[in-house]
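# Secondary and tertiary structure notes
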Amino acid sequence: MADTEQHPRRNGGESLSVTSADLFKRQTSQRIFVNRSVQMEKIKFYGFDMDYTLAQYVSPLYETMSFKLMLERLVETGYPPDILQFKYDHTVPIRGLWFDKEKGLLLKVDTFGNILSCLFGLSFVTAAELRNHYENKFVLLSNRFYVYDTLFNLPEIYCLASVIEFFKSVSNCTVSRSGFNYNEVFISFRTLFNDVREATNYIHDKGELKKLTVEQVDRYVHKDPDLADLLRQLSAGGAKLFLLTNSGYWYTEHIMTYLLGDSWRDYFDYAVVDACKPRFFADGSLMRVVDPASGKLKLGTHTGPLQKGTVYSGGSCADFSRLIGCRGKDVLYIGDHIFGDIVKSKKVGWRTLLIVPELANELFVWKKEEALFVRLQELDAEMSRAYQGCTIVSKSGPSQALEAQSVDKMKRSIRETVQAMDASYGFMGSLFRSGGRLTSFASQLERYADLYAQSVTNLLYYPNYYMFRGPMALMTHESTVSHKSDDSPPEKITAESKFALRASSASVASRRGSAPNAADIQQVARSHDDQSADSTASVSSELKPPCAVTSAAFEEEDSAADLTAAARPESPAVVDAYD
């Protein structure tokens, strides 16, 4: 438990106990979370993505419009008009899901590829059924799978699941292992996936999505009143700012004008549209100048210095870095796309800040359902106690029947608790975890995002010279073993003998005035072995270290696979973020 300090009330009443760890934390909605230390005074360039970073779209209104346009595009390409009956449900899709293009299944997987839960259409696949598809409930990422890792993917996920649900339910359609037989036509799951992907790309690139967004920009885009102040403060601190977005010039001009006014270019030292991330961080494309009057690209490839107030199109990270004079760790890039913005920019050496709007709901549930998390920890402790006296020579028999029943009951309780935790987050559970196991999305966030926050304007609550300190990374043997010695004979003897070995080696070295030679090392080793053998001879062979069991070992049995659609809590409309 953290140290506490007593703070008297202003009215002279009873004192309040406040943990020292909480004394220096900002408000939940203002915080930035740290995976790796970042010294802000060393950041010379701040880079910003636009969509879902500077421009936060109003959810679920924006996703609902996208979903409707996708269905309409599918009908235009030959799909049954009956699919238009589906309505977008924002509680179902989450980022980080994998789609198996061969089996038509949506998978939620953990850090190592173990399947946490599985959807076929809008129905969960039971644990028994899941083993028919994946014998070990384990998958490796390959071209067979598509990972939905951006917020633009949310309506696409629900569109794909809805179309599969439609074909599952119609009477003149049968399901096979690789697709549907519908009206004497075979539609493979891979074809369904490709068609939904094409519909998604169409509405973004050629369809009505951007046009409708611009026409009702105040309805679909949230205008943060603190955004302009943030950019001014960062510039005043001496840093260079740049905009790096995949959106085209026409759309960027309308959105940024809405957010910052007609002079939006003045807030940035450099602006790049049509960046084509993640390709931008590899070979990239030709960098050209945009004509602001017509929105068309000027002739030739730009090779000279980048000018403030000029908008450029395309380019590559290598050329861009050379033209602005930045080196890897000079740059803090801020974006929402875990792969295109964060993973790729991290691999070229930039520092990274991931924007995660889902943190609002994640931390709302984290606080509200504290009892479930505490219960899971208690079950972990109970399981450890049940196995504490077990050794390799322990035998099961009638005398252990009652204890075995107790362990089985704890396993069931762990699974039920994990299911309740997942249900409290929404249909597919938490973006970051299932019980004690982190999702693949969470593992990427921890590995590639130096910082993460709910909103880009959370930077306002930290000075330009702030030191974001990452938490100490502990291995399992360090996080589960106390610093206090339990003085058990084997541990004590081993530690004393090793200490004697080190001391003896140091003594020999000091007498020689140099490092010990081979003969010295052999002499010390023989002495150490003799002492160790004499010391341990009196230790009883029955002494065994306790064994511990954690809940993660039992969560994968059923996980959240048997959750039903009835367990869908309503997501809060407005909640504080936690950092």
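Residues numbered from 1 in each chain as written. Predicted model: local features only at pLDDT ≥ 70, side-chain atom pairs only at ≥ 80, totals over all residues. Heavy atoms only, no water.

## Things to note about the packing of aromatic side chains
Here is the rule: Think of it this way: a Phe, Tyr or Trp ring, Trp meaning its six-membered ring, pairs with another when their centres are within 6.5 Å, and the plane angle makes it stacked under 30 degrees, edge-to-face over 60, tilted otherwise. Numbering goes from the N terminus for both helices and strands, where a helix is a DSSP run of H or I of at least four residues and a strand is a run of E of at least two. The buried label goes to any residue with under 20% of its type's maximum accessible area, the exposed label to any with over 50%, and the partly exposed label to all in between, with areas taken from a 1.4 Å probe on protein chains only. Whether a charge sits over a ring comes down to the Lys NZ or Arg CZ being within 6 Å of the ring centre and within 35 degrees of the ring normal.
The full count for this structure, using the stated rule, is 40 aromatic pairs. Residues Tyr88 and Tyr158 carry aromatic rings whose centres are separated by 5.6 Å and whose planes lie at 85 degrees to one another, so their mutual orientation is edge-to-face. Linking Tyr88 in the loop between α2 (61–76) and β7 (97–100) with Tyr158 in helix α4 (residues 153–169), this pair joins segments that are 70 residues apart in sequence. Considered together, Tyr88 and Tyr158 belong to a single accessibility category, that of buried residues. Taking NZ or CZ as reference, Arg26 lies 4.1 Å from the ring centre of Tyr462, over its face. Positioned above the aromatic ring of Tyr258, the side-chain terminus of Lys223 is 5.3 Å from the ring centre.

## A word on the sheet that holds strand β14 (residues 185–188)
Here is the rule: Here the rule is simple: two strands pair whenever DSSP picks up at least two bridges between them. Throughout, an axis means a line fitted to C-alpha atoms (over the contacting stretch in the case of helices), and angles, computed between N-to-C directions, take values from 0 to 180 degrees. Should any heavy atoms of two residues lie within 4.5 Å, those residues are considered in contact.
One open sheet holds the 3 strands; their spatial order is β12-β13-β14, and the pairing between them is antiparallel. This sheet does not close on itself; its edge strands, each paired only once, are β12 (173–175) and β14. Across this sheet, the average inter-strand angle for adjacent strands is 20 degrees, counted without regard to direction. Of the strand pairs in this sheet, strand β13 (residues 179–182) and β14 are connected by 4 bridges, and their pairing is antiparallel. Within β14, the position partnered with Tyr182 by the bridge is Val185. Contacting β12, β13 and β14, α4 crosses the sheet at an angle of about 50 degrees to β13.

## Observations concerning the environment of Gln444
As for its placement among the helices and strands, Gln444 is situated in helix α15 (residues 440–448). The exposure class of Gln444 is partly exposed, given its relative accessible area of 26%. Note: C-alpha distance between Gln444 and Thr111 (333 residues apart in sequence) is 8.3 Å.

## Thoughts on the side chain of Arg95
The test is simple: In protein, a polar contact requires one atom able to donate a hydrogen and another able to accept it; more generally it is a pair of N or O atoms within 3.5 Å, and residues adjacent in sequence count only if both atoms are side-chain atoms.
Mapped onto the elements of the fold, Arg95 is located in the loop between α2 and β7. Of the polar contacts made by the side chain of Arg95, one reaches the backbone oxygen of Asp336; its length is 2.8 Å. Polar side-chain contacts of Arg95 include one of 2.8 Å to the side chain of Glu358. Those residues in contact with Arg95 that lie beyond four places of it in its chain are Tyr148, Asp149, Thr150, Leu151, Leu154, Asp336, Ile355, Val356, Pro357, Glu358, Leu431 and Phe441.

## Brief notes about the UniProt feature "binding site: Mg(2+)" (unreviewed entry) in the protein
Counted only if it meets this: UniProt positions are given in the numbering used here, feature names are shortened, and annotations may be inferred rather than shown by experiment.
Under the UniProt annotation, "binding site: Mg(2+)" (unreviewed entry) lies at Asp49 and Asp336. Considering the C-alpha atoms alone, the annotated residues occupy 288 residues of sequence yet fold into one spot, their largest mutual distance being 7.6 Å. Among the secondary structure elements, Asp49 is positioned in the loop between β5 (45–48) and β6 (56–57). Note on Asp49: relative accessible area 5%, which makes it buried. With residues near it in sequence (within four places) discarded, Asp49 still touches Leu54, Leu243, Leu244, Thr245, Lys277, Tyr333, Ile334, Gly335, Asp336 and Asp341. A polar contact is formed between the side chain of Asp49 and the side chain of Lys277, at a distance of 3.1 Å. As for its placement among the helices and strands, Asp336 is situated in the loop between β20 (331–335) and α11 (338–347). Overall, the relative accessible area of 2% leaves Asp336 in the buried class. Among residues more than four places away in sequence, those in contact with Asp336 are Asp49, Asp51, Tyr52, Thr53, Arg95, Thr150, Leu151, Asp341, Leu354 and Ile355.

## Re the sheet that holds strand β10 (residues 123–124)
Pairing in this open sheet of 5 strands is antiparallel, and the strands run β10-β9-β8-β7-β11 from one edge to the other. One side of each edge strand has no neighbouring strand; the edge strands of this open sheet are β10 and β11 (145–148). Sheet analysis places β7 next to β11, joined by 4 bridges and oriented antiparallel. Bridged to Phe99 within β11 is Tyr146.

## Let's talk about the packing of α4 against helix α5 (residues 189–205)
Here is the rule we go by: Working definition: roughly parallel below 35 degrees, roughly antiparallel above 145 degrees, roughly perpendicular at 65 to 115 degrees, and oblique for all remaining angles. In this scheme the handedness of a crossing depends on how the near helix is turned from the far one: anticlockwise by less than a right angle means left-handed, clockwise means right-handed. Here the term charged refers only to Asp, Glu, Lys and Arg, the term nonpolar to Ala, Val, Leu, Ile, Met, Phe, Trp, Tyr, Cys and Pro, and the term polar to all other amino acids, Gly among them.
Running from N to C, α4 and α5 cross one another at 140 degrees; their axes reach a closest spacing of 10 Å. What the angle tells us is that α4 and α5 run oblique. Helix-helix and strand crossings are classified by hand; for α4 and α5 the assignment is right-handed. On α5, the residues that touch Asn153, Glu156, Cys159, Leu160, Val163, Ile164 and Phe167 of α4 are Leu192, Phe193, Val196, Arg197 and Thr200. Class assignment for the residues of the contact of α4 with α5 results in 8 nonpolar, 2 polar and 2 charged.

## As for the packing of α11 against α15
Where α11 meets α15, the closest approach of the two axes is 10 Å, and the angle between their N-to-C directions is 35 degrees. Remark: the crossing between α11 and α15 carries left-handed chirality. Within the contact between the two elements, α11 uses Ile338, Ile342, Val343, Lys346 and Lys347 and α15 uses Phe441, Gln444, Leu445 and Tyr448.

## Some points on the environment of Phe432
Relative to the assigned elements, Phe432 resides in the loop between α14 (401–425) and β22 (433–434). Distance in space between the C-alpha atoms of Phe432 and Ile94 is 10.0 Å, their sequence separation being 338 residues. Excluding anything up to four places from it in sequence, Phe432 contacts Val356, Leu359, Glu362, Arg437, Leu438, Thr439, Phe441, Ala442 and Leu445.

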